[in-house]
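Understanding the architecture of this molecule
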Amino acid sequence: IIVIVIIGILAVVSFPKLLSLSSDAKITALKQINTQIRSAISLVQNKARINGLEAKTVNPGAGQKSYLIDFGFGSSELMFSNLCPESIAEMGTRMRLLDFLNVTLTDDMTVRVDNRYTLLGYDVPTTGEPITQGCYILYDSFATPNCTLTLVTEDC
């Protein structure tokens with residue numbers, strides 16, 4: 001009985017530490033992906049500037065077609081107000097932000113994409129506006145003056 005009690009005490013003490021390691025691993029993976037997304041955004045914005053594009057405060061309407069940047073493997077549509085790649089393009093080859101990344105998603109990761117947002121992680125809200133709970137990266141391509149990346153780690 002004493003041995004069983006000791007094993008039980010050890011299990012109770014060590015279990016939270018194991019959960020913490022899992023949480024730390026998830027947060028580290030999200031931070032690495034976050035870095036890749038920042039690099040992709042920078043690449044797209046720099047290429048747009050090299051092509052002579054500037055951020056506009058008003059939607060250029062039909063002129064928005066000039067906010068397509070060809071990368072050889074597809075074209076990315078930019079948000080006219082910040083030159084960030086739209087989360088998923090409506091024009092061109094309909095590239096997603098994720099097409100710029102060299103990320104292998106694990107089975108326990110989820111991705112949610114619409115024209116404005118990319119949510120990528122372990123506990124992603126399935127509908128509605130993104131919230132500050134969960135365990136994921138939130139990319140907002142429409143934010144001004146620049147697109148935003150938010151690392152949500154509340155529930156990792």
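Remember, predicted model here, so these are calculated numbers, not experimental data. All residue numbers refer to positions counted from 1 along the written sequence of the respective chain. In keeping with the predicted nature of the model, local features appear solely for residues at pLDDT of at least 70, side-chain atom pairs appear and are counted solely at 80 or more, and the whole-chain, interface and lining totals rest on all residues. Calculated side-chain values reflect all of the structure's heavy atoms, with hydrogen atoms and water omitted.

**Things to note about the state of the cysteines**
- Only a pair of cysteine sulfur atoms within 2.5 Å counts as a disulfide in this structure description. Overall, the coordinates contain two disulfides when judged by the stated rule.
- One disulfide in the model links Cys84 with Cys147; its S-S distance is 2.1 Å. Every disulfide takes its handedness from the sign of the S-S torsion; for Cys84 and Cys147 that torsion is -70°, giving left-handed. One end of the pair, Cys84, is in the loop between β2 (75-77) and β3 (110-113); the other, Cys147, is in the loop between β5 (135-140) and β6 (148-152), and 63 residues separate them in sequence. In this pair, the class of Cys84 matches that of Cys147, namely buried.
- Numbered by position along the chain, the disulfide-linked cysteines of the protein chain connect as 1-3, 2-4. A helix here means a DSSP run of H or I that spans at least four residues, while a strand means a run of E at least two residues long, and both kinds are numbered starting from the N terminus. When a residue's accessible area, from a 1.4 Å probe over protein chains only, is under 20% of the maximum for its type it is buried; when over 50% it is exposed; and in between it is partly exposed.

**Thoughts on the environment of Tyr117**
- Structurally, Tyr117 can be placed in strand β4 (residues 117-123).
- Between the C-alpha atom of Tyr117 and that of Tyr67, which follows or precedes it by 50 residues, the distance is 18 Å.
- Should any heavy atoms of two residues lie within 4.5 Å, those residues are considered in contact. Leaving out residues up to four positions away in the same chain, Tyr117 has contacts with Ser87, Arg112, Glu129, Pro130, Leu138, Tyr139 and Asp140.

**Concerning the sheet that holds β4**
- Two strands make a pair as long as DSSP finds a minimum of two bridges between them. Here four strands make up an open sheet; going across it, the order is β3-β4-β5-β6 and the pairing antiparallel. At either end of the open sheet lies a strand with only one pairing partner, and these are β3 and β6. Put simply, the sheet's adjacent strands are angled 10° from each other on average, direction ignored.
- Examined bridge by bridge, β4 and β5 share six bridges and lie antiparallel to one another. The partner of Leu119 across the bridge, within β5, is Leu138. To define axes, lines are fitted to C-alpha atoms, for helices over the stretch in contact only, and angles between the resulting N-to-C directions are given on a 0 to 180 degree scale.

**Structural notes on the packing of aromatic side chains**
- Between the rings of Phe, Tyr and Trp (Trp by its six-membered ring), a pair exists once the centres lie within 6.5 Å; its type follows the angle of the planes, with under 30 degrees stacked, over 60 edge-to-face, and the other angles tilted. Tallied over the entire structure, the rule returns three aromatic pairs.
- On the basis of an interplanar angle of 85° and a centroid distance of 5.0 Å, the ring pair of Phe71 and Phe100 is categorised as edge-to-face. Note that Phe71 is positioned in the loop between β1 (68-70) and β2 and Phe100 in the loop between β2 and β3, a separation of 29 residues in sequence. An identical accessibility class is assigned to Phe71 and Phe100; each is buried.
- Ring geometry for Phe73 and Phe100: centres 5.9 Å apart, planes at 75°, overall edge-to-face. Of this pair, Phe73 sits in the loop between β1 and β2 while Phe100 sits in the loop between β2 and β3; the two residues are 27 residues apart in sequence, bridging distant segments of the chain.
- With relative accessibility at 56%, the residue Phe73 sits in the exposed group.
- Through successive ring pairs, a cluster of aromatic residues spans Phe71, Phe73 and Phe100.

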